[in-house]
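Here are the chains, one letter per residue:
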Amino acid sequence: MTDLILHLHPLSSYCHKVLIGLYEKGIPFEPSVVNLGDPQARQSYAELWPTAKIPLLEDRAAGRVVPETSIMLEYLDRLHPGAPALFPADPELQLQARLWDRLFDQYVMTPMQRIVADRLRPEGQRDETSVREARQLLDMAYGMAERQLAAQPWAAGPAFTVADCAAAPSLFYAHILQPFGPQHAALAAYFERLLQRASVQRVLQEAKPWLQYFPYADQVPARFL
Ligand SMILES: N[C@@H](CCC(=O)N[C@@H](CS)C(=O)NCC(=O)O)C(=O)O
């Protein structure tokens, strides 16, 4: 038995972010699938942490829960300080890792989620303006990442970090909704590098049976099915 429990859903991009970190570091944990669609399950889950967002890390040995994916990865990095360091020791590299973790969460994950959430609404309650703005944000973020990745292999420099844990799932779902264009050659090459990581491959393999429930399942490239 392990002390760490990760409350998750296998299709969730933020859950993938933490799973990638766990697999990169080889940390044993117990997955616990949450069904947020069931009001009773949601209510008891919210008692663990009020936002009721997934994932949530529970450390039974320490008797605490750790919310928010970036904080979970920092906690895991401290608990298991061995390689790879998701938060580099070098202060400048660490600042870059934190920055690009935030950028991928806020400007790729968030607009991607907004587009998906809109698709889940009944016809008549959809918001074209919000979707158009989300697509513009994705376009801006792709351009920003393209410049960053033209000169280095990973999002925050020479090594794989928390920023890449955030990048992989956000780009995975975002590129289905809004494919990379010819002007995004460095970003597309980076995405292929991410797909070569054993941790990312494992997460995508585990998500496979669930991808049929993704609201844009009809647009998922065949290589992921
Ligand atoms: N800032 C949070 C975001 C987590 C998040 O948005 N999770 C989504 C799933 S990918 C969620 O719980 N959605 C269900 C809901 O909002 O009810 C984090 O980094 O942990």
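From a predicted model like this one, the values you see are computed outputs, not experimental measurements.

Caption draft 1: Looking closely at the layout of surface pockets. When its volume is computed, the largest pocket comes out at roughly 980 Å³. Along the wall of the largest pocket there are 34 residues; nearest its centre are Ser12, Ser13, Tyr14, Ile54 and Gln113. Residue assignment for the lining of the largest pocket shows that the elements contributing at least two residues are helix H1 (13–25), helix H3 (69–79) and helix H4 (91–120). Top element by residues in the lining of the largest pocket is H4. It accounts for 9 residues. Class assignment for the residues of the lining of the largest pocket results in 20 nonpolar, 9 polar and 5 charged. Roughly 170 Å³ of volume is contained in the second largest pocket.

Caption draft 2: Structural detail: the site of the ligand. Surrounding the ligand, one finds Ser12, Ser13, Tyr14, Leu36, Arg42, Lys53, Ile54, Glu68, Thr69 and Gln113. In this structure, isoleucine 54 approaches the ligand through a main-chain N or O atom, which is 2.8 Å from a nitrogen atom. Taking threonine 69, its side chain carries an N or O atom lying 2.7 Å from an oxygen atom of the ligand. Protein chains shield 76% of the accessible area of the ligand, which is 510 Å² for the free molecule. Under a 2 Å grid-point criterion requiring more than half of the atoms, the pocket assigned to the ligand is the largest pocket.

Caption draft 3: Representation of the sheet that holds strand S3 (residues 56–59) within the structure. Taken in spatial order, the 4 strands of this open sheet run S2-S1-S3-S4, and their pairing is mixed. Each having just a single partner strand, strand S2 (30–33) and strand S4 (64–66) make up the two edges of the open sheet. Direction aside, the axes of adjacent strands within the sheet are offset by 25° on average. As paired strands, strand S1 (residues 4–8) and S2 are joined by 4 bridges and run parallel to one another. Looking at the pairing, leucine 6 lines up with proline 31 of S2.

Caption draft 4: Layout of the pairing of S1. Of all 5 residues that make up S1, 5 are buried, and the element is covered over most of its length. Residues of S1 alternate between two faces, with Leu4, Leu6 and Leu8 on one and Ile5 and His7 on the opposite face, all of them buried. Direction of pairing for S1 relative to S3: antiparallel, over a ladder of 4 bridges. Of the residues in S3, the one forming a bridge with leucine 4 is aspartate 59. With H1 bridging S1 and the parallel S2, this β-α-β connection has right-handed handedness.

Caption draft 5: The arrangement of the side chain of aspartate 118 in detail. Positionally, aspartate 118 belongs in helix H4. Those residues in contact with aspartate 118 that sit more than four places away from it in its chain are Arg126, Asp127 and Val131.

Caption draft 6: Summary view of the environment of leucine 138. As for its placement among the helices and strands, leucine 138 is situated in helix H5 (residues 128–149). Relative accessible area serves as the criterion here: at 0%, leucine 138 is assigned to the buried category. For the pair leucine 138 and glutamine 178, spaced 40 residues apart in the sequence, the C-alpha separation amounts to 7.8 Å. Beyond its immediate chain neighbours, meaning those up to four positions away, leucine 138 contacts Tyr107, Val108, Pro111, Met112, Ile115, Ala174 and Gln178.

Caption draft 7: How the structure looks around the packing of aromatic side chains. Scanning the model with the defined rule gives 11 aromatic pairs in all. Both rings, one in tyrosine 142 and one in phenylalanine 180, keep their centres 5.1 Å apart while their planes meet at 65°; by these two values the pair is edge-to-face. Placement of tyrosine 142 in helix H5 and of phenylalanine 180 in the loop between helix H6 (162–177) and helix H7 (185–196) is noted, with a sequence separation of 38 residues between them. With relative accessibility at 18%, the residue phenylalanine 180 sits in the buried group. By the ring-pair criterion, three or more aromatic residues cluster together here, those being Phe172, Tyr173, Phe214, Tyr216 and Phe224. We note arginine 119 situated over the ring of tyrosine 216; from NZ or CZ to the ring centre the distance is 3.9 Å. Lying across the ring of tryptophan 154, arginine 197 places its NZ or CZ 5.1 Å from the centre.

Analysis parameters
- Residues numbered from 1 in each chain as written.
- Predicted model: local features only at pLDDT ≥ 70, side-chain atom pairs only at ≥ 80, totals over all residues.
- Heavy atoms only, no water.
- 1 Å grid on protein atoms, 1.4 Å probe; cavity = no way out; pocket = protein on both sides within 12 Å on 5 of 7 lines; lining within 4 Å.
- Points joined across faces, edges and corners; volume = space filled by probe spheres on them.
- Helix = DSSP H or I, 4+ residues; strand = E, 2+ residues; numbered from the N terminus.
- Nonpolar A, V, L, I, M, F, W, Y, C, P; charged D, E, K, R; others polar.
- Near = heavy atom within 4 Å.
- Polar contact = N/O pair within 3.5 Å; in protein donor to acceptor, adjacent residues only side chain to side chain.
- Areas by Shrake-Rupley, 256 points an atom, 1.4 Å probe, with all protein chains shown as cover.
- Sits in = over half its atoms within 2 Å of the grid points.
- Pairing = 2+ DSSP bridges.
- Axes fitted to C-alpha atoms, helices over the stretch in contact; angles between N-to-C directions.
- Buried < 20%, exposed > 50% of the residue type's maximum accessible area, 1.4 Å probe, protein only.
- Right-handed = clockwise from strand over helix to strand, strands pointing away.
- Contact = heavy atoms within 4.5 Å.
- Phe/Tyr/Trp six-rings, centres within 6.5 Å; stacked < 30°, edge-to-face > 60°.
- Lys NZ or Arg CZ within 6 Å of the ring centre and 35° of its normal.

Worth remembering: the numbers are spatial, not functional.
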